[in-house]
Amino acid sequence: MTQSTEYSKHVTVLLAGGLIEPAVMEAINAIAVKYNLTFYLTMAQNLRLLGASEENLDTIKQELLDLGLQLKGPGKFPVPKACVGMPYCNLGLVDTFALCEKILARFGDRTGVKPKYKIAISGCPASCAGSRLVDIGIVATRKGYDLYVGGKGGALPRVGRKVAAGLSEDEVLEAVGKLVDFHAARTLKKQRMFKLLDEPDFPFSVE
Ligand code: SF4
């Protein structure tokens, strides 16, 4: 790794549930080698390429886009983080990656999404994806999905509040839609979900 002492540029490839196919990884790796970049695995399960320069940043982005990849940028719907779930974890109750894909299929094309909320999907109540520590947290249980809203990390962390329990997958998608629409309608520029929990017409009752 060669890192300039000047502030270097970076680009983040969005990965649904943190998954990446070997052939895609190989193609990204070729770009990283070509431009002397370093991989950083972000907390949100995305792949950041560090060490770009002002001069080569746009070219790197274009080469990644040419591979069909999605890059992080303003106004994009946040890619959910997911634990490994079923069938890869013996406690897993659901296929977390499949639910992640369904959420992206429903909402991923949205543009102009106001910052900022994070979504996490956990395949059982152990909640390894940190579902109670993000704005919209989905947790599989033996009785269906529980939904948490308003969690966050940062300097002033908060635990999400349960707003629904025992949901089917379709009901989860519907509930996520209600939440992101409410956030869009009630946010001027930027707002975390916890600030909306006390709104009188918040679309769920909060435990
Ligand atoms: S949340 Fe449950 S299913 Fe997901 S990785 Fe943790 S233990 Fe496994």
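Residues numbered from 1 in each chain as written. Predicted model: local features only at pLDDT ≥ 70, side-chain atom pairs only at ≥ 80, totals over all residues. Heavy atoms only, no water.

1. Quick notes on the nonpolar core
Next, step 1: In terms of nonpolar packing, the biggest core is built from 38 residues, with Phe-77, Ile-136, Ile-138, Leu-147 and Phe-202 touching the most fellow members.
Next, step 2: Of all the secondary-structure elements, those providing two or more residues to this core are helix 3 (96–107), strand 5 (119–122), strand 6 (136–141), strand 7 (144–149), strand 8 (161–167) and helix 4 (169–186).
Next, step 3: Per-element tally for this core: the top contributor is helix 4, with seven residues.
Next, step 4: Setting aside chain neighbours within four positions, we find Phe-77 in contact with Ile-103, Leu-104, Phe-107, Gly-108, Arg-110, Val-113, Tyr-117, Ile-119 and Val-180.
Next, step 5: By size, the runner-up hydrophobic cluster in this structure holds 16 residues, among which are Val-11, Leu-37, Ala-52 and Leu-57. (Core = buried A, V, L, I, M, F, W, Y, C linked by side-chain atoms within 4.5 Å. Buried < 20%, exposed > 50% of the residue type's maximum accessible area, 1.4 Å probe, protein only. Helix = DSSP H or I, 4+ residues; strand = E, 2+ residues; numbered from the N terminus. Contact = heavy atoms within 4.5 Å.)

2. Quick look at the site of the ligand
Next, step 1: As a matter of local geometry, the ligand sits amid Cys-83, Gly-85, Cys-89, Leu-91, Gly-92, Gly-123, Cys-124, Ala-126, Ser-127 and Cys-128.
Next, step 2: Of the residues assigned to the shell around the ligand, the class counts are six nonpolar, four polar and no charged. (Near = heavy atom within 4 Å. Nonpolar A, V, L, I, M, F, W, Y, C, P; charged D, E, K, R; others polar.)

3. A word on the sheet that holds strand 6
Next, step 1: Spatial strand order, 4-5-6-7-8: five strands in an open sheet with mixed pairing. Looking at the sheet topology across the chains shown, the edges are occupied by strand 4 (81–82) and strand 8.
Next, step 2: Docked against the sheet, helix 3 engages strand 4, strand 5, strand 6 and strand 7, running at close to 150 degrees with respect to strand 5. (Pairing = 2+ DSSP bridges. Axes fitted to C-alpha atoms, helices over the stretch in contact; angles between N-to-C directions.)

4. Here we look at the sheet that holds strand 1 (residues 9–13)
Next, step 1: Within the open sheet, the three strands sit side by side as 1-3-2. Their pairing is antiparallel. Looking at strand neighbours, the two that pair on one side only are strand 1 and strand 2 (38–41), the edges of this open sheet. Put simply, the sheet's adjacent strands are angled 30 degrees from each other on average, direction ignored.
Next, step 2: Relative to strand 3 (residues 47–52), strand 1 runs antiparallel, the two being bridged by five bridges. Bridging from a neighbouring strand, Val-11 pairs with Leu-49 of strand 3.
Next, step 3: Where helix 2 (residues 57–66) meets the sheet, its contacts fall on strand 1 and strand 3, and the angle it forms with strand 1 comes to roughly 10 degrees.

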